[in-house]
Structures are given as C-alpha cells and as structure tokens.
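Architecture at a glance
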Amino acid sequence: MNRIRTIGKPCFLLILAFLQVLFFVVMYRRGSSKIFESFSKRNGKNWDYSKVKDIYTNLTLFTPALTDELQYCPPKSPLLVGPLSITFQNIPSLKRILKKNPYVKRGGLYTPPHCQARYKTAILIPHRNREMHLRHLLYYLHPFLQRQQLHYRIYLIHQAGNETFNRAKLLNVGVRESLKDEDWDCLFLHDVDLIPENDHNLYVCDETYPKHFSSAMDKFNYRLPYWSYFGGVSAMTPEQYMKINGFPNSYWGWGGEDDDIAYRVRYAGLKIVRVPLNIGHYKMVTHNTDKGNEENQKRFDLLVKSPRKWKEDGMNSLEYKLISKRLMYLFTNITVDVGAAPKDKKTKTRS
C-alpha cells in the first residue's frame with residue numbers, strides 16, 4: 001500500500017512564513033503603484049500645482065452670524081481654491097498662528113461661525129520631539145480645515161519619557177481619549193510632518209470603508225510607493241476603527257504598523273479606498289531619524305503573525321497611563337505613558 005506523504009507542521013509553518021514574506025516584498029515593489037497611478041489619474045480634474053493660492057486666502061471674508069439659528073453650511077464649501085502654497089523656509093511662531101486663526105478655541109477646537117457644520121472630524125497626531133514640524137502643521141492645517149467648513153479638533157498625543165516610540169499605540173490612545181469628548185464622525189490618523197497641498201482633499205471619512213488620503217507625497221515623487229500603502233494620513237469612522245481592532249500595540253520603533261493595519265482592514269472584510277493622486281498631494285517636512293524611533297527590526301516577524309494576532313492585539317488590549325490632558329490654544333495635548341518595548345528573552349546557557 002502506498003503511503004500518502006504529508007508535510008510536517010514545522011515545515012508547513014516555514015513554507016507559510018516564506019510565502020507571506022515573499023508577498024510583502026512583492027507589495028513593496030513599484031510596479032503595482034504605476035497601475036494604481038494610471039487608474040487614479042482618471043478621477044477628477046487635472047490640477048495645476050504651479051498655480052497656487054495662499055492658505056489664508058478669503059478666510060477673513062466670513063464673519064460670525066448675528067443669529068443663533070445657523071443654516072447648514074453648503075455641501076461644497078465656497079472657500080475652496082485648490083492647490084495651496086506650502087513652504088518651510090520660516091518656522092511660524094505659535095503667537096503668529098494664533099493671531100491668524102482667531103476663531104479657533106482652546107483645545108484646537110473650531111466650529112464655523114457663520115453656518116452649521118455638516119461634519120465633525122478629529123485629527124489625531126502622534127508626537128514626541130517634533131516641535132518644529134508641529135508649528136508648520138498647525139500653521140497650514142487650521143486654515144485648511146476651516147476652508148472646508150468642518151467642525152474639528154486637533155489632538156496631539158505625546159509620548160512621555162525616553163522609551164522607544166510607539167506611534168501605533170499613541171493613535172489607539174488618541175481614539176479612546178478623543179471619543180470621550182465628542183461623538184466624532186471621522187478619526188484622522190495624521191503624521192506631524194505631512195502638509196496637504198490641495199483643499200479639495202476633503203477631511204471627511206468614507207462611510208463604508210477606511211480611506212487613505214496621502215496617496216501622492218513629494219517624498220515618493222507624488223506616486224503611491226506600493227499597492228497596499230496606508231501610511232502618512234488615513235481616516236476611519238469610529239465603527240470602522242473598532243471593527244479592525246485599531247492599530248496593533250506591539251510595534252516599537254519605526255515601520256510596520258501601517259502595513260499591519262492595512263492587512264487588518266482586509267481581515268475584517270473591508271477594503272481601502274483612496275483619494276485620487278491628483279488631489280492627494282502632500283509635502284513632507286524633512287527630518288533625520290529620531291532618537292528612540294529607530295527602525296523596528298522585528299516588524300517583518302510581527303507582520304507574519306498578524307493574521308493570528310489582530311483580534312487580540314489592539315484596542316481591546318490597550319493599556320496606558322494618562323499623565324495629563326490640557327487644552328492648549330491651538331490643540332489638545334494628551335500626554336501618556338505607553339510603557340516600554342518588551343526586552344528580548346536571553347537564551348539560558350547550561351553550566
């Protein structure tokens with residue numbers, strides 16, 4: 001009798017891990033991004049980014065209404081102008097930013113003074129030792145959001161201490177803390193060093209699927225770096241965020257968490273939708289590698305484990321210590337202790 005040969009479990013797991021790593025490598029190649037780029041350019045008008053407007057253009061034309069019974073803001077804001085002038089030559093002072101945004105309340109909260117906003121958006125920014133980047137972002141992001149006539153609030157989630165940076169965990173903290181303040185329609189996961197270049201890139205969520213906004217960054221020559229890229233600026237409704245169990249809390253250092261959450265979207269039966277490349281333009285404030293945010297050497301191992309771990313590592317396992325929550329003039333500052341990266345287990349040697 002012929003015996004049926006079976007693959008042993010260790011061998012099977014090794015083959016599975018190899019295939020998954022191979023899949024990740026293929027997804028990082030630029031070939032697929034060109035296909036998506038040609039598809040995205042078919043959507044919307046061709047914007048001329050050589051003709052730009054000042055970010056504060058026309059904002060002073062609108063003054064507070066004289067009645068408490070405000071009409072809804074129009075579906076399309078009359079303040080939108082398209083491509084915006086973004087430069088980083090001079091670092092704006094907080095005093096200057098505050099002066100140019102007189103209707104922003106403490107905590108970085110804004111409500112249109114002349115009409116009732118149709119949408120409520122929370123901006124969540126993970127942060128540590130990026131004050132220069134933060135000033136640039138606040139200078140441009142506040143008027144950018146006001147042009148879209150949104151009710152919004154900017155949250156800065158600051159990691160205390162000198163332990164390895166954990167961007168993903170900070171975003172989970174931002175979601176939990178922001179939802180204590182208000183029932184936000186949309187949660188924006190926003191890197192501190194990315195500035196939007198077109199005010200038609202509306203900061204509202206897709207009601208059905210998670211949405212990627214920074215589809216065309218200058219860092220990548222205004223192309224999508226790879227098909228599954230979900231980093232930089234993305235957004236979800238609170239329901240979508242909870243359905244994928246948020247970000248994993250186990251990524252310490254730079255890299256991997258954006259790919260993990262992109263796979264979580266698929267695991268949860270959803271898909272990623274994107275802003276077309278001709279609208280999703282962003283400029284990055286250049287910077288060196290942050291101390292305490294070095295490349296995560298374990299990210300590929302964590303990605304391989306993602307299909308088994310995503311339901312148990314995320315919002316349902318989030319632990320942190322809230323140190324303070326302060327209403328600053330231009331943002332709400334949430335300072336937290338998120339703990340430290342687990343130490344590598346040392347192999348015991350026999351004596």
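A quick note: this is a predicted structure, and the numbers were derived from the prediction, not measured. (Residues numbered from 1 in each chain as written. Predicted model: local features only at pLDDT ≥ 70, side-chain atom pairs only at ≥ 80, totals over all residues. Heavy atoms only, no water.)

Of regular secondary structure, the protein possesses 8 helices and 12 strands. Buried residues in the protein amount to 51% of all 351 residues. Counted over contacts in the protein with a minimum sequence separation of 6, partners at least 24 positions apart contribute 84%. When the accessible surface of the protein is split by element, carbon and sulfur atoms take 53% of a total near 18,900 Å². (Helix = DSSP H or I, 4+ residues; strand = E, 2+ residues; numbered from the N terminus. Buried < 20%, exposed > 50% of the residue type's maximum accessible area, 1.4 Å probe, protein only. Contact = heavy atoms within 4.5 Å. Areas by Shrake-Rupley, 256 points an atom, 1.4 Å probe, with all protein chains shown as cover.)

A few words on the state of the cysteines. Each disulfide is one covalent bond, formed between the sulfur atoms of two cysteines. All told, the structure shown has 2 disulfides when counted by the stated rule. Here Cys73 engages in a disulfide with Cys115; their sulfurs sit 2.0 Å apart. One disulfide, between Cys73 and Cys115, carries an S-S torsion of 85 degrees and so falls in the right-handed class. Residue Cys73 is found in the loop between helix H2 (31-40) and helix H3 (94-100), and its partner Cys115 is found in the loop between strand S1 (109-110) and strand S2 (120-127); the two are separated by 42 residues along the sequence. Using a relative accessible area of 5% as the deciding quantity, one classes Cys115 as buried. A disulfide bridge connects Cys186 with Cys205, and the sulfur atoms are separated by 2.0 Å. (Disulfide = S-S within 2.5 Å.)

Moving on, we get to the confidence of the model for the protein. Chain-level pLDDT for the protein is 84 on average; 79% of the residues reach the 70-or-more range. Across residues 21-43 the pLDDT falls below 50, and counting only partners more than four positions away or on other chains, this stretch makes 35 contacts in the model. Counted against residues more than four places away or in other chains, residues 347-351, with its pLDDT under 50, gives 0 contacts. (pLDDT = per-residue confidence, 0-100.)

Before going further, it helps to spend a moment on the environment of Arg274. Positionally, Arg274 belongs in strand S9 (residues 273-274). Between the alpha carbons of Arg274 and Ser215 there is a distance of 6.8 Å; along the sequence they are 59 residues apart. A polar contact of 2.8 Å, which involves the side chain of Arg274, links it to the side chain of His212. In this structure the side chain of Arg274 is engaged in a polar contact, spanning 2.5 Å, whose partner is the backbone oxygen of Trp227. (Polar contact = N/O pair within 3.5 Å; in protein donor to acceptor, adjacent residues only side chain to side chain.)

The strand order S5-S10-S7 describes an open sheet built from 3 strands, whose pairing is mixed. Edge positions in the sheet fall to strand S5 (194-196) and strand S7 (216-217), since each of these pairs with one other strand and no more. Sheet analysis places S5 next to strand S10 (residues 281-284), joined by 3 bridges and oriented antiparallel. From the neighbouring strand, Leu194 faces S10, where its bridge partner is Met284. (Pairing = 2+ DSSP bridges.)

In total, this model carries 10 aromatic pairs according to the counting rule given. Judged by centre distance (5.3 Å) and plane angle (65 degrees), the ring pair of Tyr56 and Tyr139 falls under edge-to-face. Remark: Tyr139 occurs in helix H4 (residues 131-147) and Tyr56 occurs in the loop between H2 and H3; sequence separation between them is 83 residues. Classification of Tyr139 by relative accessible area gives buried; the value is 9%. Geometrically, the ring pair formed by Tyr155 and Trp184 is edge-to-face, given 6.4 Å between the ring centres and 90 degrees between the ring planes. Here Trp184 lies in the loop between helix H5 (167-178) and strand S4 (186-190) and Tyr155 lies in strand S3 (residues 151-159), a separation of 29 residues in the sequence. Accessibility classification places Tyr155 together with Trp184 in one group, the buried group. For Lys100, the ring lying beneath its charged end belongs to Tyr56, and the centroid distance is 4.6 Å. (Phe/Tyr/Trp six-rings, centres within 6.5 Å; stacked < 30°, edge-to-face > 60°. Lys NZ or Arg CZ within 6 Å of the ring centre and 35° of its normal.)

Below, the discussion takes up the side chain of Asn198. Relative to the helices and strands, Asn198 resides in the loop between S5 and strand S6 (211-212). Within the structure, the side chain of Asn198 is placed 2.9 Å from the backbone nitrogen of His200, a separation counted as a polar contact.

Time to look at the side chain of His158. Mapped onto the fold, His158 is located in strand S3. At 3.1 Å, the side chain of His158 and the side chain of His127 are in polar contact. Those residues in contact with His158, other than ones at most four positions away along the chain, are His127, Arg128, Asn129, Leu170, Asn333, Ile334, Thr335 and Val336.

So, about helix H7 (residues 257-267). Within H7, 9 of the 11 residues are buried, which leaves the element mostly enclosed by the surrounding structure. Those residues of H7 lying buried are Glu257, Asp258, Asp259, Asp260, Ile261, Ala262, Tyr263, Arg264 and Val265. Positive backbone phi, approximately 80 degrees, marks Gly269, located one or two places after H7.

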